[in-house]
Amino acid sequence: MLPESKPANPAVLEEYSPDGVDLTLIRWTLSLTPGERLQFLEDRINEVLAIRERNATT
Amino acid sequence: MQQRRLFAILRSLCQSDIEFIVVGGLAAVLNGAPVQTYDLDLVYSREPNNLDRLLKVLGELDAIFRIQPERRLRPNHSHLAGTGHLNLLTPYGPLDLLAVAGHNLGFAQLLPHTVEMDIGEGVRVRVLNLETIISIKEYLASEKDLAVLPILRQTLRESTRRPR
């Protein structure tokens, strides 16, 4: 039996749009709640700022 | 130290009953678009009571104009009552306050095109919907705006196909 989340339409399985957009990434972000999207963005910002700070002092 | 910078600003505004709409990159993120952004763009209501409350919160957030941070210039009531963009800096990061967005669309015009979202801890914010974000970026048509349009359009397509 197929997993419930597996789309029935094979076209949905495309990984990239014709203009090169990663559809798997979009599907993943759409699977999150708005609160989780905000938290993920903030985590990424914090990580980037930490890397910048670390490299600015070395 | 890990900080929730964006959340902190949004929570402060909500706790003070400020009428605003999240627009720009963060609105795209909250709608599910995988894009990165560092600032927070908000269109606010220019109703006098809202301006009074907003000015008070900006003081509490220690917001200053970003153009010359060393001068620590603070926004005042007339700045907020105008039609321009206020590019501010707070200890929680950049905060851009817009009287209007796109084709001179103010808070009242944008409000029907928003979705209320729960961003955690009971904080609920009004977020511009993806269709209108795309429409505004198509209207503005700067290179920066055009560059992100393919991702926004595909996100809209996928979200329509697989509604949450």
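See the structure above.
Residues numbered from 1 in each chain as written. Chains lettered and ligands numbered in written order. Predicted model: local features only at pLDDT ≥ 70, side-chain atom pairs only at ≥ 80, totals over all residues.

**Digging into the overall build of chain B**
Piece 1. On a plain count of helices and strands, chain B comes out with seven helices and seven strands.
Piece 2. When its helices and strands are written in sequence order, chain B yields α-β-α-β-α-β-α-β-β-α-β-β-α-α.
Piece 3. Against the globule reference of 15 Å for 164 residues, chain B gives a C-alpha radius of gyration of 16 Å, in line with a compact fold.
Piece 4. Summarising its shape, the C-alpha atoms of chain B cover approximately 45 × 35 × 30 Å along the three principal directions.
Piece 5. A total of 164 residues make up chain B; the buried ones form 31% of that total.
Piece 6. Counting only contacts in chain B whose residues sit at least 6 apart along the sequence, the fraction spanning at least 24 positions is 57%. (Helix = DSSP H or I, 4+ residues; strand = E, 2+ residues; numbered from the N terminus. Rg over C-alpha atoms; globule rule 2.2 N^0.38 Å. Buried ≥ 20, exposed ≤ 12 C-beta atoms within 10 Å, placed from the backbone. Contact = placed C-beta atoms within 7 Å.)

**Focus on the pairing of strand β5 (residues 93-98) of chain B**
The side chains of a regular strand alternate between the sheet's two faces.
Residues and elements named next belong to chain B.
Piece 1. Inspection of the sheet shows strand β2 (residues 41-44) paired to β5 by three bridges, in the parallel sense. Note on β5: the bridge partner recorded for V43 is L98.
Piece 2. Note: strand β4 (residues 85-90) against β5, six bridges, orientation antiparallel. Paired with L88 across the bridge in β5 is L95. (Pairing = 2+ DSSP bridges.)

**Let's talk about the interface of chain A and chain B**
By a widespread convention, an interface's size corresponds to the accessible area lost as its parts come together.
Piece 1. Tallying the contact residues gives 18 residues for chain A and 25 residues for chain B.
Piece 2. Taken together, the elements giving at least two residues each to the side of chain A that touches chain B come down to α1 (23-30) and α2 (34-56) of chain A.
Piece 3. Per-element accounting of the side of chain A that touches chain B gives the leading share, nine residues, to α2(A).
Piece 4. Classifying every residue of the side of chain A that touches chain B by side-chain character gives nine nonpolar, four polar and five charged. (Nonpolar A, V, L, I, M, F, W, Y, C, P; charged D, E, K, R; others polar.)

**Section: unusual backbone geometry**
All names here are of chain B.
Piece 1. The backbone of D17 shows a phi angle near 60 degrees, a positive value even though the residue is not glycine.
Piece 2. Looking at where D17 falls in the secondary structure, it is placed in the loop between α1 (5-15) and β1 (20-23).
Piece 3. On the neighbour-count criterion, D17 (10 C-beta atoms within 10 Å) is exposed.
Piece 4. At N104, a position not held by glycine, the phi torsion is positive, near 55 degrees.
Piece 5. Inspection of the secondary structure assignment puts N104 in the loop between β5 and α5 (107-110).

**With respect to the nonpolar core**
Piece 1. Of all hydrophobic cores here, the largest spans 41 residues; its most connected members are B:V22, B:V23, B:A27, B:L42 and B:V43.
Piece 2. Apart from the residues within four sequence positions on either side, B:A27 is in contact with B:V22, B:V127, B:L128 and B:I133. (Core = buried A, V, L, I, M, F, W, Y, C linked by C-beta atoms within 7 Å.)

**A short note on the pairing of strand β7 (residues 124-128) of chain B**
Residues and elements named next belong to chain B.
Piece 1. In terms of burial, β7 is largely enclosed, as four of its five residues are buried.
Piece 2. With two bridges connecting them, β1 and β7 associate as parallel partners. Pairing of I21 across the sheet is with R126, part of β7.
Piece 3. Strand direction decides the pairing type here: strand β6 (residues 114-118) and β7, joined by five bridges, are antiparallel. Paired with D118 across the bridge in β7 is R124.
Piece 4. What sits between the antiparallel neighbours β6 and β7 is a turn of five residues, in which G120 has the positive phi angle 115 degrees.

**Description of the sheet that holds β2(B)**
All names here are of chain B.
Piece 1. Reading across from one edge, β3-β4-β5-β2-β1-β7-β6 is the order of the seven strands in this open sheet, with mixed pairing throughout. Both edges of this open sheet fall to β3 (64-65) and β6, since each of them pairs with a single strand only.
Piece 2. Relative to β4, β3 runs antiparallel, the two being bridged by two bridges. Bridged to F65 within β4 is L88.

**Let's talk about helix α6 (residues 130-140) of chain B**
Residue and element names in this part refer to chain B.
Piece 1. Residues of α6 that are buried: L130, T132, I133, I136 and K137. Considered in projection along α6, the buried side chains sweep an arc of 165 degrees and stay on one side of the axis.
Piece 2. The secondary structure elements touched by the buried residues of α6 are α2 (24-30), α5, β7 and α7 (143-161).
Piece 3. One or two positions beyond α6, positive phi appears at A141, with a value near 55 degrees. (Arc of directions from axis to C-beta.)

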